[in-house]
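# Observations on chain architecture
Single-letter residue listing:
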Amino acid sequence: KLEPIVQPRLDIDAIEIPENGPMSFEMDVEVRPQFDLPNYRGLKVKRPMAELSDKDVDEHLNRFLEGRGTIVPKLEGNVEIGDYLTADLTFLGPDGKPLGELKEALIRLHSELRFQNGTITGIGAALEGASRGETREVLAKLGSAVENPELRGATIRVQIKINDLKRVRHPELNEAFFDSIGIDTREDLRQAVHDTLKRKIKSEQRQALRGQIVEQLLRQTPFDLPTDLVNREERSTIQRLVAQLKQGGTTDKEIRASEAQIR
């Protein structure tokens, strides 16, 4: 009647095979925790509500078309949210001296920019309306993985010089494009986006309800988790976080510096 959750630990070398009769041996195995069934009836949860508007459909349709568009030079006009900027970034320390530079960086302008060791909030508002060749200054919040301990968590100034502008050109909505995505008309495409958003809202509602139910049941049901199970989950989570950091450009040295925070 055991309910093992992992392979048992068995010391093969410790087993003694008798000349005759039954053989006995010991093994350790982690089993599913035992607990009393909590009261699962009459739980109260809040269903999150969301109204799907035409604006929502337009925004997601625009994102869909952007994903299939091409980046082309922006020959007229100044910086707008959603533009691609080629820019030089100069990071200034508290004393005003340069900490480092990033030349010819390609940036998609949104309200916030995250880089390897920090975040620039409000960059969209700060750069909107700027022109080629113009330099503007923003504030950046450094993270805890910065090599210099004195700069960890510090707010510094960043000078951004805009060298060039590009924009996304949507694909032409012609028969060839509709054939490539298996849609007949623009109206059908819009309806498909609308239906996708409705399914997404329903899925998010189900997830929110399930999360509330699980949280209530866990509060009613204290039990100890097997130690080895927790340790294995910790190791796999650390490996996943480290892989994500490396994929984002974090070096091995920086990862070692933030090992305690990751753990």
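So, here is what we can say about the structure in this document. All of these numbers come straight from a predicted model, not from anything done at the bench. The written sequence of each chain sets the order in which its residues are numbered from 1. Totals for whole chains, interfaces and linings use all residues, but because this is a predicted model, local features are given only for residues with pLDDT of at least 70 and pairs of side-chain atoms are given and counted only at 80 or more. Processing note: side-chain calculations cover all non-hydrogen atoms of the structure and skip hydrogens and water entirely.

This brings us to a nonpolar patch on the surface. Residues F35, V214, L218, F223, L225, L229 and V230 make up a contiguous nonpolar surface patch of about 570 Å² in total accessible area. Elements represented by at least two residues in the nonpolar patch include exactly α4 (186-220) and α5 (227-247). Under the DSSP-based scheme used, a helix requires at least four consecutive residues in state H or I and a strand at least two consecutive residues in state E, with every element numbered from the N terminus. Summarising the element assignment, V214 is placed in helix α4. A patch consists of residues exposed above 30% relative accessible area that lack any salt bridge, with like charges linked at up to 9 Å and nonpolar side chains (Val, Leu, Ile, Met, Phe, Trp, Tyr) linked at up to 5 Å. Accessible surface area values rest on a Shrake-Rupley calculation with a 1.4 Å probe, where residue burial reflects the displayed protein chains alone. Salt bridge, as used here, is a side-chain nitrogen of Lys or Arg placed within 4 Å of a carboxyl oxygen of Asp or Glu.

Next up on the list: a negative patch on the surface. None of His or the chain ends enter the tally, which takes Lys and Arg as positive and Asp and Glu as negative. By convention, the point assigned to a charge is CZ for Arg, NZ for Lys, CD for Glu and CG for Asp. Taken together, E175, D179, D184, E187 and D188 make up a surface patch of like negative charges. If you list the elements that add at least two residues to the negative patch, you get α3 (175-181) and α4.

In this section: helix α1 (residues 54-67). Here a helix's expected span is defined as the number of its residues, less one, multiplied by 1.5 Å. Its 14 residues place the ends of α1 20 Å apart at the C-alpha level, agreeing with the 20 Å of an ideal helix rising 1.5 Å per residue. Turning to α1, its buried residues are V57, L61 and L65. Buried residues in α1, looked at end-on, bunch into an arc of 70°, giving them a common side. Of the exposed residues in α1, those oriented more than 90 degrees away from the buried face are K55, R63 and G67. For this analysis, residues touch if any pair of their heavy atoms sits within 4.5 Å. In this structure, the buried residues of α1 make contact with α3 and α4. Type-normalised accessible area, obtained with a 1.4 Å probe on protein chains alone, sets the label of each residue: buried when under 20%, exposed when over 50%, and partly exposed for intermediate values. Working definition: the arc comes from the directions between the helix axis and the C-beta atoms, pointing outward to the latter.

Attention shifts here to the nonpolar core. The biggest cluster of nonpolar side chains holds 23 residues, and the ones touching the most others in it are V79, L89, I120, I123, V158 and I160. If one sorts the elements of this core by residue count, strand β7 (residues 155-169) sits on top with 5 residues. Apart from residues lying up to four places away in sequence, L89 is in contact with G100, E101, L102, A105, I107, V158, Q159 and I160. Nonpolar cores were defined as sets of buried Ala, Val, Leu, Ile, Met, Phe, Trp, Tyr and Cys residues, with membership established by side-chain atoms within 4.5 Å. Residues L61, F177, F178 and V193 belong to the second largest nonpolar core, which totals 9 residues.

Let's shift gears to the side chain of Q205. Mapped onto the elements of the fold, Q205 is located in helix α4. Classification of Q205 as buried rests on a relative accessible area of 13%. With residues up to four places along the chain from it excluded, the contact list for Q205 reads R47, P48 and M49.

Further remarks concern unusual backbone geometry. In this structure, E104 is a non-glycine residue whose phi angle is positive, near 50°. Within the fold, E104 resides in strand β3 (residues 98-108).

Now for the pattern of salt bridges. A complete count under the given rule lists 16 salt bridges for this structure. In this structure, the salt-bridge partner of D58 is R190, at a minimum N-O distance of 2.4 Å. Of this pair, D58 sits in helix α1 while R190 sits in helix α4, placing them 132 residues apart in sequence. E66 serves as the salt-bridge partner of R108, at 3.0 Å between the closest nitrogen and oxygen. A residue pair is termed long-range when its members are at least 10 positions apart, and R108 in strand β3 and E66 in helix α1 qualify at 42 residues. What you see here is one network of salt bridges that share partners, running through D54, D58 and R190.

Remember that the coordinates give geometry; whether it matters functionally is a separate question.
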